[in-house]
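For reference, the chains in residue letters:
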Amino acid sequence: MSYIKSILTNAISNWANLIVSLAISFFMAPFILKSIGSTYFGIWMLVTQTTGYLWLLDFGVRESVIKYVAEFNEKKDFSFLNEILGSAIRIYSIICVACIIFSAILSLVFPYLFNVVKENAITAQLVVIVTGIDIAQAFFFNIFTGIVMGFQRYDIFSKINIGFSVVRAIITIIFLSHGYGIVALSIIQLSFNLLTNIIIYHSSRKLLPIKIFALKKIDKSTKAKRLILNYSFFVLLNNLSLQAIFYSSNIIIAAFLPISYVTFYAISSNLIEYLKKLIFTGTQVFAPLTSQLDAKNDPETIAKLLINGSKYSLLLCLPVSIVYILLGNQFISLWMGAEYSEISGTILSILSISIIFSAPHYTMQGILFGLNKHNALAYVRT
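Residues numbered from 1 in each chain as written. Predicted model: local features only at pLDDT ≥ 70, side-chain atom pairs only at ≥ 80, totals over all residues. Heavy atoms only, no water.

Asks: Hey, could you run me through the overall build of the chain in this one?
Replies: In terms of regular secondary structure, the chain is built from 14 helices and zero strands. Element order for the chain, N to C, with α for helix and β for strand: α-α-α-α-α-α-α-α-α-α-α-α-α-α. The C-alpha radius of gyration of the chain comes to 21 Å, within 12% of the 21 Å expected for a compact globule of 382 residues. Residues classed as buried in the chain amount to 52% of the 382 residues present. Taking the contacts inside the chain whose residues are at least 6 apart along the sequence as the reference set, 86% of them involve residues at least 24 apart. In the structure as shown, the chain presents an accessible area of about 17900 Å², 69% of it carried by carbon and sulfur atoms. Between the centroid of the 27 positive side chains of the chain and the centroid of its 16 negative side chains there is a distance of 7 Å. (Helix = DSSP H or I, 4+ residues; strand = E, 2+ residues; numbered from the N terminus. Rg over C-alpha atoms; globule rule 2.2 N^0.38 Å. Buried < 20%, exposed > 50% of the residue type's maximum accessible area, 1.4 Å probe, protein only. Contact = heavy atoms within 4.5 Å. Areas by Shrake-Rupley, 256 points an atom, 1.4 Å probe, with all protein chains shown as cover. Lys, Arg positive; Asp, Glu negative; His and termini not counted. Charge placed at Lys NZ, Arg CZ, Asp CG, Glu CD.)

Asks: Quick question: what am I supposed to make of a nonpolar patch on the surface here?
Replies: Residues Leu314, Leu318, Ile322, Val323, Ile325, Leu326, Leu327, Ile353 and Phe357 make up a contiguous nonpolar surface patch of roughly 810 Å² in combined accessible area. The set of elements that each furnish at least two residues to the nonpolar patch consists of α11 (299-335) and α12 (341-358). Of all the elements, α11 adds the most residues to the nonpolar patch, at seven residues. Topologically, Ile353 is positioned in helix α12. (Patch = residues over 30% accessible without salt bridge, like charges linked within 9 Å, V, L, I, M, F, W, Y side chains within 5 Å. Salt bridge = Lys/Arg side-chain N within 4 Å of Asp/Glu carboxyl O.)

Asks: Is there a simple way to think about the packing of aromatic side chains in this case?
Replies: Given two aromatic rings, one states the distance between the centres and the angle between the planes to describe the pair. Evaluation of the coordinates by the stated rule reveals 19 aromatic pairs. Of the aromatic side chains, those joined through ring pairs into one cluster are Tyr68, Phe72, Phe80, Tyr231 and Phe369. (Phe/Tyr/Trp six-rings, centres within 6.5 Å; stacked < 30°, edge-to-face > 60°.)

Asks: Quick question: what am I supposed to make of the pattern of salt bridges here?
Replies: Pairing between side chains of opposite charge can happen when the charged atoms of each approach one another. Tallied over the full model, the rule gives six salt bridges. For Arg153, the salt bridge is made with Asp155, and the minimal N-O distance between the two is 2.9 Å. A salt bridge links Glu273 to Lys276, with the shortest nitrogen-to-oxygen separation between them at 3.5 Å. Of the two residues, Glu273 and Lys276 both sit in helix α9 (residues 260-283), three residues apart, roughly one turn of that helix. A network of salt bridges, in which partner residues are shared, links Lys67, Glu71 and Lys75.

Asks: Looking at this model, I keep getting lost on the packing of helix α4 (residues 118-150) against helix α5 (residues 154-177). Mind explaining?
Replies: Relative orientation and spacing of two packed helices are given, respectively, by the angle between their axes and the distance between those axes. Contact geometry of α4 with α5 gives a least axis separation of 7 Å together with a crossing angle of 125 degrees. One way to sum up the angle between α4 and α5 is to call them oblique. Listed contacts from α5 to Thr145, Val148 and Met149 of α4 are Tyr154, Ile156 and Phe157. Of the residues that constitute the contact of α4 with α5, the class distribution is five nonpolar, one polar and no charged. (Axes fitted to C-alpha atoms, helices over the stretch in contact; angles between N-to-C directions. Parallel < 35°, antiparallel > 145°, perpendicular 65-115°, else oblique. Nonpolar A, V, L, I, M, F, W, Y, C, P; charged D, E, K, R; others polar.)

Asks: In this structure, what is going on with helix α8 (residues 249-256)? I would like to understand it.
Replies: Think of an α-helix as turning once every 3.6 residues; residues three or four places apart then point the same way. Listing the buried residues of α8 in full gives Asn250, Ile251, Ile253 and Ala254. End-on, the buried residues of α8 take up no more than an arc of 165 degrees, which puts them together on one face. Summarising the geometry of α8, the exposed residues directed more than 90 degrees from the buried face are Ile252 and Phe256. (Arc of directions from axis to C-beta.)

Asks: Whenever I open this one, unusual backbone geometry confuses me. Can you help?
Replies: For residues besides glycine, phi is generally negative; the peptide bonds are generally trans as well. Of note, Gln152 is a non-glycine position whose phi angle comes to about 60 degrees, a positive value. Within the secondary structure, Gln152 sits in the loop between α4 and α5. Its relative accessible area of 11% is what places Gln152 among the buried residues. One non-glycine residue, Asn372, lies in the positive phi region at around 60 degrees. Secondary-structure assignment places Asn372 in the loop between α13 (360-371) and α14 (375-381).

Asks: Is there a simple way to explain the confidence of the model for the chain in this structure?
Replies: Any segment with low pLDDT has predicted coordinates that should not be analysed in fine detail. Across the chain, the average pLDDT comes to 84, with 95% of residues at or above 70. Averaged over each element, pLDDT in the chain is lowest for α14 (76) and highest for helix α6 (residues 182-207) (92). This model gives residues 213-220 a pLDDT under 50, and the stretch forms 13 contacts once residues within four places in sequence are excluded. (pLDDT = per-residue confidence, 0-100.)

Asks: Could you clarify how one ought to interpret the packing of α9 against α11 in this entry?
Replies: In the contact formed by α9 and α11, the axes pass within 10 Å of each other and the chain directions differ by 160 degrees. As the angle between them shows, α9 and α11 are arranged roughly antiparallel. Crossing of α9 against α11: the hand is right-handed. Counting all contacts with α9, which are made through Ile267, Ser268, Leu271, Ile272, Tyr274, Leu275, Leu278, Ile279, Gly282 and Thr283, the residues of α11 involved are Tyr312, Ser313, Leu316, Cys317, Val320, Ser321, Tyr324, Phe331, Ile332 and Trp335. Taken together, the residues of the contact of α9 with α11 break down into 15 nonpolar, five polar and no charged. (Left-handed = near helix turned anticlockwise from the far one by under 90°.)

Asks: Got a minute to help me understand the state of the cysteines in this structure?
Replies: Two cysteines, two sulfur atoms, one covalent bond between them: this is a disulfide. Counted according to the given criterion, the structure contains zero disulfides. Just so you know, Cys99 is unpaired, no disulfide at all, and the nearest cysteine sulfur is the one on Cys96, 7.3 Å from it. (Disulfide = S-S within 2.5 Å.)

Asks: Is there a simple way to think about the side chain of Ser13 in this case?
Replies: Mapping Ser13 onto the fold places it in helix α1 (residues 2-51). Beyond its immediate stretch of four places on either side in the chain, Ser13 contacts Tyr154, Asp155 and Ser158.

Asks: How should the environment of Leu318 be read in this particular structure?
Replies: With respect to the helices and strands, Leu318 occurs in helix α11. Taking relative accessible area as the criterion, Leu318 reaches 33% and is therefore assigned partly exposed. In sequence terms Leu318 and Ile4 are 314 residues apart; their C-alpha atoms lie 22 Å from each other.

So, in structure tokens, the structure goes:
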């Protein structure tokens, strides 16, 4: 079937990008840790997770863009698609401003929220500000990312990210080798993310059969905004729940223990994140594909997609999880150092067991998002 070819093409593109990213991350993580030390590495991980809450300001707008680009492009309703994209641009403009304001406030209170000693406070605050700006620019370009995903052109992301990941790693090594710290690390990240998004913007303009900036200054119709906000509301509930359940651990650790303890958990959680990315990159293609199939009124194919996709996600998860459980201690010892193997290895085994049971949910999530029935998912997780 044609949809199988689409899944395989996009999944292989995503995995190629992931393999390169994982290879670079495996090399860079111990290099960064040894270059900046345990304390600054803990601060870097803590800033990354804390500023991650700023992503909640997205309100799920990108996911709604992905769905409606796939749906209305299939229906050839380009006029209403133009309204959808115009409304998304207006919403994201407000979100960008809010993100910069919140990141500025967070930078002021960051040293007081966690156990950051005085001599490291200014460095931590600068990293928070730069990271906040990085997230703000990502919000602006998120609509164009959604357009490319809605057209199911994940190969575009892979080509861009593979090239820039290698160059970014080389530049990071050069700067850290010359004594620069996590501020330089955050600036390098901002620069490459911005350049990546600019190229994605140009790619999205080529894919669209309409000019999204040819918009009326005042759109009297509220239908497009209502569709986006109704869809996005349940995406937001889902994201809030996921953030609270899976991405608050480092913050809790830092609130009660010295920041250096964050490193032990971060090592294991990073390995689990790599596994999650393996599953997610293979199943994220289901959302726009399901929207396209739903627009064609093809429930039979969607049902097959659900069953086969759930088996497929579990098949991806099991081998890696088993290796983590059996050989996690030894691997962490070789990768990050013997001093981290016992504690981080035990944490890794516990987290690996939990992800085995959650693997099929990635397929279910993608299909529910594509069908605009993700409200059930949001209620369950909340």
